[in-house]
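# Remarks on the overall topology
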Amino acid sequence: MAETLVRFEGVRKTYGGGAAAVRSLDLDIARGELLTLLGPSGSGKTTTLMMLAGFERPSAGRILLEGRDIARLAPHRRGIGVVFQSYALFPHMSVAENVAFPLQVRGVARNDQAKRVAKALAMVRLEGFAERRPAQLSGGQQQRVALARALVFEPPIVLLDEPLGALDKALREEMQLEIRHLHQRLGITMLYVTHDQAEALTLSDRIAVFEGGLVRQVADPRALYDRPADAFVAGFVGENNLLPGTIVARDEDECRVRLACGPVVSAQAVDCGGVGEACLVAVRPERVAVAGVTASDLGEGALPAVVTEAIFLGDHVRLRLAMGDGGEMLAKRPAGMGALPAPGGPAAIAWPEGAAFAFRTAT
Ligand code: ADP
Ligand code: MG
């Protein structure tokens with residue numbers, strides 16, 4: 001395990017008399033990693049980032065940077081680079097002057113400034129743009145200037161709060177890869193904030209999923225997707241069918257669940273109660289196999305269903321299926337891999353053993 005650069009210890013933040021924006025945060029950021037805070041709007045991501053940057057003060061707990069409590073350090077003394085969604089470039093200054101600004105504030109000698117600015121602009125591939133004004137740049141280029149400005153004083157960690165939020169989809173995806181490559185090349189520690197789960201999966205070494213001021217799970221992208229810790233994470237990261245039911249049998253790792261729509265299915269007992277308790281069964285749409293067979297031909301473990309909608313999306317087909325009494329299931333099947341049942345036709349659905357997870361309904 002790499003060395004810990006930042007540690008949040010029991011950090012809590014309440015604004016005025018309101019509910020806590022961050023309820024109790026214990027989180028380590030390892031030196032050199034790109035850690036993403038992922039969660040819906042209002043879940044406490046920006047508050048967490050602002051406390052680390054020094055623009056907000058924790059109501060309780062400690063934040064350690066390289067083992068030192070930074071509570072008493074003013075933002076500019078923390079040496080942390082920050083990039084916000086609104087790039088906040090100075091419009092009347094050139095690109096070079098914008099990037100030089102943090103060096104000026106720190107009293108770096110002029111000669112040294114020019115060298116460092118050139119280096120930072122090279123990092124973000126804007127060598128030829130030093131004399132332009134921000135208004136003469138595209139949105140993506142402006143965001144790269146903001147990134148260069150955050151990198152220019154070689155901070156131990158750079159914080160990025162929804163930095164690509166203002167860009168259109170294609171540019172956003174290009175910039176995601178650019179940030180990922182920059183991170184890999186420089187080995188710099190980054191704390192990245194987004195509400196976009198695809199962005200988090202693309203960029204991150206690890207992801208901390210926030211909800212209601214709490215971290216629900218911290219894991220690398222694959223573990224988060226394959227083994228979500230609770231129903232919130234299961235529903236927020238990637239797509240999931242979340243079927244309500246009641247546990248009818250359970251041992252240590254496995255349970256049987258009577259779905260509210262009728263059928264009884266097996267599921268991994270990840271985080272659920274005992275017999276008689278309500279739960280949600282999660283099955284990823286891409287794990288749901290669909291065959292155009294009638295109920296009498298069903299294999300063991302397959303459930304009868306009816307296709308209610310089929311949407312062709314080029315590389316895959318999204319099938320909506322009705323199942324049991326009012327149940328609904330989404331399946332994602334690769335296109336061009338054999339015929340799929342047409343809407344209205346009978347179908348059988350099944351998923352591999354281990355693909356279903358049972359979670360408690362409220363956490
Ligand atoms: P996120 O970045 O995940 O969208 P925030 O950290 O901005 O979430 O906000 C978390 C909660 O704290 C929200 O309920 C928000 O309304 C509240 N909040 C954020 N900033 C302030 C503030 N300056 N004053 C009062 N409440 C705030
Ligand atoms: Mg925010």
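Residues numbered from 1 in each chain as written. Chains lettered and ligands numbered in written order. Predicted model: local features only at pLDDT ≥ 70, side-chain atom pairs only at ≥ 80, totals over all residues. Heavy atoms only, no water.

So, on to the site of ligand 1. In the region of ligand 1, the neighbouring residues are Tyr15, Ala21, Pro40, Ser41, Gly42, Ser43, Gly44, Lys45, Thr46 and Thr47. A distance of 3.1 Å separates an oxygen atom of ligand 1 from a polar atom in the backbone of Ser43. Within the side chain of Thr47, an N or O atom sits 2.5 Å from an oxygen atom of ligand 1. Burial of ligand 1 by the surrounding chains reaches 55%, relative to a free accessible area of 560 Å². When residues of the shell around ligand 1 are assigned to their parent elements, the largest contribution, three residues, is made by helix H1 (residues 45–53). Split into classes, the residues belonging to the shell around ligand 1 amount to three nonpolar, six polar and one charged. (Near = heavy atom within 4 Å. Polar contact = N/O pair within 3.5 Å; in protein donor to acceptor, adjacent residues only side chain to side chain. Areas by Shrake-Rupley, 256 points an atom, 1.4 Å probe, with all protein chains shown as cover. Helix = DSSP H or I, 4+ residues; strand = E, 2+ residues; numbered from the N terminus. Nonpolar A, V, L, I, M, F, W, Y, C, P; charged D, E, K, R; others polar.)

This paragraph deals with the sheet that holds strand S5 (residues 68–69). Overall, antiparallel pairing links the four strands, which are arranged S2-S1-S4-S5 in an open sheet. Looking at which strands have only one partner, the edges of the open sheet turn out to be strand S2 (20–30) and S5. By the bridge criterion, five bridges tie strand S1 (residues 4–14) to strand S4 (residues 60–65) in an arrangement that is antiparallel. The partner of Arg12 across the bridge, within S4, is Ala60. (Pairing = 2+ DSSP bridges.)

A few words now on the packing of helix H4 (residues 139–151) against helix H5 (residues 169–186). Interhelical geometry of H4 versus H5 gives an angle of 25 degrees and a closest axis separation of 11 Å. Of the possible angle classes, the one that applies to H4 and H5 is roughly parallel. The handedness of the crossing between H4 and H5 comes out as right-handed. Facing H4, whose interface residues are Gly140, Gln143, Arg144, Leu147 and Leu151, H5 presents Leu171, Met175, Glu178, Ile179, Leu182 and Leu186. Of the residues belonging to the contact of H4 with H5, the class tally is seven nonpolar, two polar and two charged. (Axes fitted to C-alpha atoms, helices over the stretch in contact; angles between N-to-C directions. Parallel < 35°, antiparallel > 145°, perpendicular 65-115°, else oblique. Left-handed = near helix turned anticlockwise from the far one by under 90°. Contact = heavy atoms within 4.5 Å.)

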